[in-house]
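Residues per chain are reported as follows:
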Amino acid sequence: MKLYQNEISSATSRVRIALALKGMTAEALPVTILGEEAESRQAGYRSINPQGLVPALLTDSGVLITQSLAIIEYLEEIQPEPPLLPETAESRALARSIALAVAAEIHALLPPRIGLHLRAAFQADADAIAAWSRHWVGEGMAAVEKMIAGRREGIFAVGDRPGIADIFLFPQAISARRMGFDLAQWPHIAEIIVRLEAIPAFQDNAPALRR
Ligand SMILES: N[C@@H](CCC(=O)N[C@@H](CS)C(=O)NCC(=O)O)C(=O)O
C-alpha cells in the first residue's frame, strides 16, 4: 500500500495512527499542501485525487481510497485486529459520530484551502483567518466534550480500547493546544489525550509542527 500524505496534516495523522495501531505499514508519498503552489492544488495530484486532499491510500490492487474515515474503515476490514471499532452497534455509531463531529464539523473548516479562499474572496488577513479557525475549534471541541461526557464508558472516548473516536480526536486536540487552547476546559478530552499521548502509535504519529 502507498499513502499520499503530508506530515503536518491532521487527516493524515489519523490514518498513520490507525496503521500503527494495527501494525501495518504503507509507503509514504509526500504531497505539499501549503500555499497557492502546493502540489495538492496542481493538476498532477488532482488527476490522482480529484479533491486534491491528503490522505489518499493506494491499495495493493491499485484502487485509490480517499477520506480518512473511509481509509480507516478499509484498514479495519482487511486487518480486523486489533479492532478500532467497538463491539456493539450503538457504540460503533457513537464512535463514528464523534469521528465525524471532528472531521466534518471542525477540521473541514480549517485546512489551507479554506484560508486561501477566505483571503482571496473576502480579503481576510492572517489574524482574521486565525480568529475564524479559533471560532470553529472552540465551538466544535466544546460540543465534542459534551458528546463524550454524556455517553462515556471506559477510559477512552468510547470504551476501554483506543479506537476510531480517539484517532480523530487526538490530532484535533493536539492542534487546538498548539493554537493556544487550554485542553483543561474540556476535562474528558484532556484526560483522554493524556492517555493517548502515552501510546506510541498516537505520540509518534501526531501531526508535525508547521515549519
Ligand atoms: N475529510 C478529509 C479531509 C482531508 C483534508 O482536508 N486534508 C488536508 C490536510 S489535513 C488537505 O489535504 N488540505 C489541502 C488543502 O487544503 O488545500 C479526510 O478526512 O481525509
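Everything here concerns the structure above.
These numbers come from a predicted model, not from an experiment. (Residues numbered from 1 in each chain as written. Predicted model: local features only at pLDDT ≥ 70, side-chain atom pairs only at ≥ 80, totals over all residues. Heavy atoms only, no water.)

J.: So, the side chain of Arg 152: which residues are in play, and what are the values?
T.: In this fold, Arg 152 is placed in the loop between helix 6 (126-151) and helix 7 (164-178). Separated by 2.9 Å, the side chain of Arg 152 and the backbone oxygen of Ile 155 make a polar contact. There is a polar contact of 3.2 Å between the side chain of Arg 152 and the backbone oxygen of Phe 156. Leaving out residues up to four positions away in the same chain, Arg 152 has contacts with Ala 157, His 188, Glu 191, Ile 192 and Arg 195. (Helix = DSSP H or I, 4+ residues; strand = E, 2+ residues; numbered from the N terminus. Polar contact = N/O pair within 3.5 Å; in protein donor to acceptor, adjacent residues only side chain to side chain. Contact = heavy atoms within 4.5 Å.)

J.: With reference to specific residues and values, describe the pairing of strand 2 (residues 27-30).
T.: Pairing between strand 1 (residues 2-5) and strand 2: four bridges, direction parallel. Residue pairing across strands places Lys 2 opposite Glu 27, the latter belonging to strand 2. Assessed by its sense of winding, the connection that carries the chain from strand 1 through helix 1 (residues 10-22) to strand 2 is right-handed. (Pairing = 2+ DSSP bridges. Right-handed = clockwise from strand over helix to strand, strands pointing away.)

J.: Let's hear about the site of the ligand: which residues, and what values?
T.: As a matter of local geometry, the ligand sits amid 15 residues, with Arg 14, Val 54, Gln 67, Ser 68 and Arg 113 nearest to it. Between the ligand and Val 54 there is a distance of 2.7 Å, counted from a nitrogen atom to a backbone nitrogen or oxygen. Protein chains shield 93% of the accessible area of the ligand, which is 520 Å² for the free molecule. Elements supplying a minimum of two residues to the shell around the ligand: helix 1 and helix 5 (112-122). Looking at side-chain class alone, the shell around the ligand contains seven nonpolar, six polar and two charged residues. Lining the shell around the ligand are residues from two domains, each supplying at least three of them: domain 1 (2-78) and domain 2 (89-203). (Near = heavy atom within 4 Å. Areas by Shrake-Rupley, 256 points an atom, 1.4 Å probe, with all protein chains shown as cover. Nonpolar A, V, L, I, M, F, W, Y, C, P; charged D, E, K, R; others polar. Domains from an automatic or database assignment.)

J.: Requested: an account of unusual backbone geometry, with residues and values cited.
T.: The amide bond that connects Val 54 to the next residue, Pro 55, takes the cis arrangement and shows omega of 5°. For Pro 55, the position within the fold is in the loop between helix 2 (43-46) and strand 3 (56-58). The residue after Glu 81, namely Pro 82, is reached through a cis peptide bond having omega -15°. Its location among the elements puts Pro 82 in the loop between helix 3 (68-78) and helix 4 (89-103). For Gln 67, which is not glycine, the phi torsion reads 75° and is therefore positive. The class of Gln 67 is partly exposed, set by a relative accessible area of 42%. One non-glycine residue, Gln 123, lies in positive phi territory at about 55°. (Buried < 20%, exposed > 50% of the residue type's maximum accessible area, 1.4 Å probe, protein only.)

Everything listed here is a matter of coordinates, which is why it stays silent on function.
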